[in-house]
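An overview of the molecular structure
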Amino acid sequence: MSMIKPIPVPVKNPHLDWICFDLDDTLWAVEPVIDRANSRMFDWLASHVPGAAERYSVADWPRLRDGVSERFPATAHSVTALRQTVLDELMAALGHQGEQAAAWSQAAFEAFRIARNEVALFAPVESMLTTLQQAGYRLGVFSNGNADLQQIGIGRYFEVVLNADMVGAAKPEAAAFSALVQACGSEPRRMVYVGDHPHYDVAGANAAGLFSLWFNPEGAAWPAGQQRPSLEVACLSEIAAALVLLQP
């Protein structure tokens with residue numbers, strides 16, 4: 001159980017300028033979102049593409065995804081490119097080519113994209129972001145995923161929004177965090193990166209010289225042998241108070 005209590009009045013740590021966030025499983029639960037979006041995509045294929053209903057179902061997605069990822073490791077950082085390649089190969093396997101096949105691939109991806117941005121924010125998200133802004137922090141995002149914050153409705157909170165597609169590198173790669181630091185125009189030690197994953201988020205931020213804040217709502221044990229996060233919270237509403245405790 002975390003002992004950090006939310007603070008009623010925003011207070012800024014003078015040693016920090018930027019608070020940057022992971023998205024999936026940090027601001028919302030991603031598994032139900034992706035499951036629904038995959039189902040929406042395969043339903044569209046079954047309804048519009050001849051032969052798709054008989055040959056493919058949503059249960060085939062892991063196999064199709066993993067196959068493309070193994071054959072195209074250079075683009076493994078891009079979940080968007082991976083999905084588009086799966087769709088293009090699916091069209092070819094069904095015997096569809098040319099402009100019609102390309103249009104069907106794009107429309108199927110669009111069905112996925114719309115559902116992918118239908119997320120249920122964790123309850124404290126907007127009040128937490130508002131509190132951080134009012135305290136004087138600047139807010140940013142780096143995600144390995146392809147969520148659209150404008151579509152979701154929280155884009156107004158963030159000055160910098162990056163993902164792996166934009167920079168050609170995914171967390172925990174140094175290039176991903178370097179791109180984030182550069183986009184923010186800051187120094188790593190005046191930045192905190194908030195995320196749920198010990199490896200992608202915490203280890204990546206630590207290695208890049210940023211402070212790290214582990215969002216650990218389940219009270220999981222920290223993995224043995226890994227450098228611990230700078231801070232840990234069980235609820236997003238605790239972040240503002242936790243940041244005040246951080247010393248350079």
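First, a word on what this report is: a plain description of the structure on this page.

A look at the overall build of the protein
Within the protein, the regular secondary structure consists of 11 helices and 6 strands. Over its C-alpha atoms the protein spans a radius of gyration of 20 Å, differing by no more than 12% from the 18 Å that the globule rule assigns to 248 residues. Along the first, second and third principal axes, the C-alpha set of the protein runs to 60 × 35 × 30 Å. Across the 248 residues in the protein, those meeting the buried criterion constitute 46%. Taking the contacts inside the protein whose residues are at least 6 apart along the sequence as the reference set, 62% of them involve residues at least 24 apart. Total accessible area on the protein stands at roughly 11,800 Å², and carbon and sulfur atoms take up 54% of it. Computed over 17 positive and 27 negative side-chain charges, the inter-centroid distance for the protein is 4 Å.

Focus: unusual backbone geometry
Omega for the peptide link from Lys171 to Pro172 comes to 10°, which places this bond in the cis form. Take Pro172: it is sitting in the loop between α8 (164–167) and α9 (174–184). In this structure, Asp25 takes a positive phi of about 70° despite not being glycine. Of note, Asp25 is situated in the loop between β1 (18–21) and α1 (31–48).

Brief notes about the packing of aromatic side chains
For the structure on display, the rule yields 5 aromatic pairs. Ring geometry for Trp214 versus Trp222: centroids 4.8 Å apart, planes at 70°, classification edge-to-face. A relative accessible area of 3% means that Trp214 is categorised as buried. In this arrangement the basic side chain of Arg83 is found over the ring face of Trp61, its NZ or CZ atom lying 4.1 Å from the centre.

Concerning helix α5 (residues 98–116)
If you check α5, its first and last C-alpha atoms are 27 Å apart, about what 19 residues at 1.5 Å a residue would give, namely 27 Å. Among the structural elements, α1 and α4 (79–93) are those in contact with the buried residues of α5.

Things to note about the side chain of Ser105
As for its position among the elements, Ser105 is in helix α5. Judged by its relative accessible area of 6%, Ser105 is buried. Ignoring anything within four residues of it in the chain, the contact list for Ser105 reads Leu87, Asp88 and Met91.

Quick look at the environment of Gln84
With respect to the element layout, Gln84 can be found in helix α4. In sequence terms Gln84 and Ser105 are 21 residues apart; their C-alpha atoms lie 7.2 Å from each other. With sequence-adjacent residues up to four places away left out, Gln84 is seen in contact with Gln106 and Phe109.

Section: the sheet that holds strand β4 (residues 191–195)
As summarised here, the arrangement of the 6 strands in space is β3-β2-β1-β4-β5-β6, forming an open sheet in which the pairing is parallel. What marks the edges here is a single partner per strand, and that holds for β3 (160–163) and β6 (231–233). Direction aside, neighbouring strands of the sheet carry axes that sit 20° apart on average. Where β1 meets β4, 4 bridges bridge the pair, whose relative direction is parallel. When the bridges of β4 are listed, Trp18 appears paired with Met191. Across the sheet, α9 touches β1, β2 (138–143), β3 and β4, and the angle it forms with β3 is around 160°. Packed onto the sheet, helix α10 (residues 198–208) meets β4 and β5 (211–215) and runs at close to 160° relative to β5.

The rules behind these values
- Residues numbered from 1 in each chain as written.
- Predicted model: local features only at pLDDT ≥ 70, side-chain atom pairs only at ≥ 80, totals over all residues.
- Heavy atoms only, no water.
- Helix = DSSP H or I, 4+ residues; strand = E, 2+ residues; numbered from the N terminus.
- Rg over C-alpha atoms; globule rule 2.2 N^0.38 Å.
- Buried < 20%, exposed > 50% of the residue type's maximum accessible area, 1.4 Å probe, protein only.
- Contact = heavy atoms within 4.5 Å.
- Areas by Shrake-Rupley, 256 points an atom, 1.4 Å probe, with all protein chains shown as cover.
- Lys, Arg positive; Asp, Glu negative; His and termini not counted.
- Charge placed at Lys NZ, Arg CZ, Asp CG, Glu CD.
- Phe/Tyr/Trp six-rings, centres within 6.5 Å; stacked < 30°, edge-to-face > 60°.
- Lys NZ or Arg CZ within 6 Å of the ring centre and 35° of its normal.
- Expected span 1.5 Å × (residues − 1).
- Pairing = 2+ DSSP bridges.
- Axes fitted to C-alpha atoms, helices over the stretch in contact; angles between N-to-C directions.

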